[in-house]
Amino acid sequence: MRGTVAARGVRQPRIETRRSEVHGLGVFALDTFAPGETIVEYVGEIVDLQEALRRHPHDPNDPHHTFYFHIDDRRVIDGLHGGNDSRWINHSCQPNCVPDQVKGRIFIKARRPIFRGEELSFDYGLVSDEPLTDELKAAYPCFCGAKKCRGTLLASSLTA
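Residues numbered from 1 in each chain as written. Predicted model: local features only at pLDDT ≥ 70, side-chain atom pairs only at ≥ 80, totals over all residues. Heavy atoms only, no water.

(A) Local environment of the layout of surface pockets. In this structure, the largest pocket spans a volume of roughly 1,500 Å³. Along the walls of the largest pocket sit 46 residues, with His64, Thr66, His70, Leu126 and Tyr140 positioned nearest its centre. Among the elements of the structure, helix 1 (49-55), strand 5 (68-70), strand 7 (90-91) and helix 2 (134-139) are those that each provide at least two residues to the lining of the largest pocket. A breakdown of the residues in the lining of the largest pocket according to their chemical character gives 27 nonpolar, 12 polar and seven charged. (1 Å grid on protein atoms, 1.4 Å probe; cavity = no way out; pocket = protein on both sides within 12 Å on 5 of 7 lines; lining within 4 Å. Points joined across faces, edges and corners; volume = space filled by probe spheres on them. Helix = DSSP H or I, 4+ residues; strand = E, 2+ residues; numbered from the N terminus. Nonpolar A, V, L, I, M, F, W, Y, C, P; charged D, E, K, R; others polar.)

Structure (structure tokens):
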């Protein structure tokens, strides 16, 4: 049996970030995860919505790409500042992960069995205060390649 022997008490990483076929960087399983198992916490600086709007966009050349994760109507996790590999998890319309909020913290959990080498994904379900137009949908394109891809990162309830 080949593999790395872990020193006593030292946990080996179970995920890694690398180039994704979906979009940019992605996060990949280095181990198998059972349904419901916590994979990683989405962390970063917690800021209010006003501060998140002040910081927006993270990249002026790509204004729709951010590392924000809304906790509630008042607070956002900004994964650009103090974040971890979770900020690189890509969107999918048929995700293998689901975010779970527990007391203001966001945990990414396996939605189904995830096997070594699989790219992790969850449905971003973005919402907008702007009227839903084809132009707005096109501003948030989805590249997941799922059979039932919505074609946008916007929430399915908005695109119906």
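(B) Representation of the pattern of salt bridges. The full count for this structure, using the stated rule, is 13 salt bridges. Note that Glu37 and Arg14 form a salt bridge whose closest N and O atoms lie 2.7 Å from each other. Of this pair, Glu37 sits in the loop between strand 2 (25-29) and strand 3 (38-42) while Arg14 sits in the segment before strand 1 (15-19); the two residues are 23 residues apart in sequence, bridging distant segments of the chain. One salt bridge connects Arg55 with Asp78, and the closest N-O pair in it is separated by 2.8 Å. Taken together, the residues Arg55 in helix 1 and Asp78 in strand 6 (residues 75-78) connect sequence positions 23 residues apart. Each member of the pair, Arg55 together with Asp78, is buried. (Salt bridge = Lys/Arg side-chain N within 4 Å of Asp/Glu carboxyl O. Buried < 20%, exposed > 50% of the residue type's maximum accessible area, 1.4 Å probe, protein only.)

(C) Focus on the pairing of strand 3. For strand 3, the buried fraction is high: four of the five residues fall into the buried class. Both strand 3 and strand 9 (residues 105-110) contribute to a ladder of four bridges, which runs antiparallel. From the neighbouring strand, Glu41 faces strand 9, where its bridge partner is Phe107. (Pairing = 2+ DSSP bridges.)

(D) Looking closely at the packing of aromatic side chains. The tally for this structure, following the rule as stated, stands at four aromatic pairs. Clustering of aromatic rings is evident, with ring pairs tying together Tyr42, Phe69, Phe122 and Tyr124. Here Arg18 stacks its cationic end above the ring of Phe28, 3.9 Å away from the centre of that ring. (Phe/Tyr/Trp six-rings, centres within 6.5 Å; stacked < 30°, edge-to-face > 60°. Lys NZ or Arg CZ within 6 Å of the ring centre and 35° of its normal.)

(E) The environment of Thr133, seen in detail. Position of Thr133 among the secondary structure elements: in the loop between strand 10 (121-122) and helix 2. Relative accessible area serves as the criterion here: at 30%, Thr133 is assigned to the partly exposed category. Along the sequence, Thr133 and Cys149 sit 16 residues apart, while their C-alpha atoms lie 18 Å from each other.

By themselves these figures say nothing about function.
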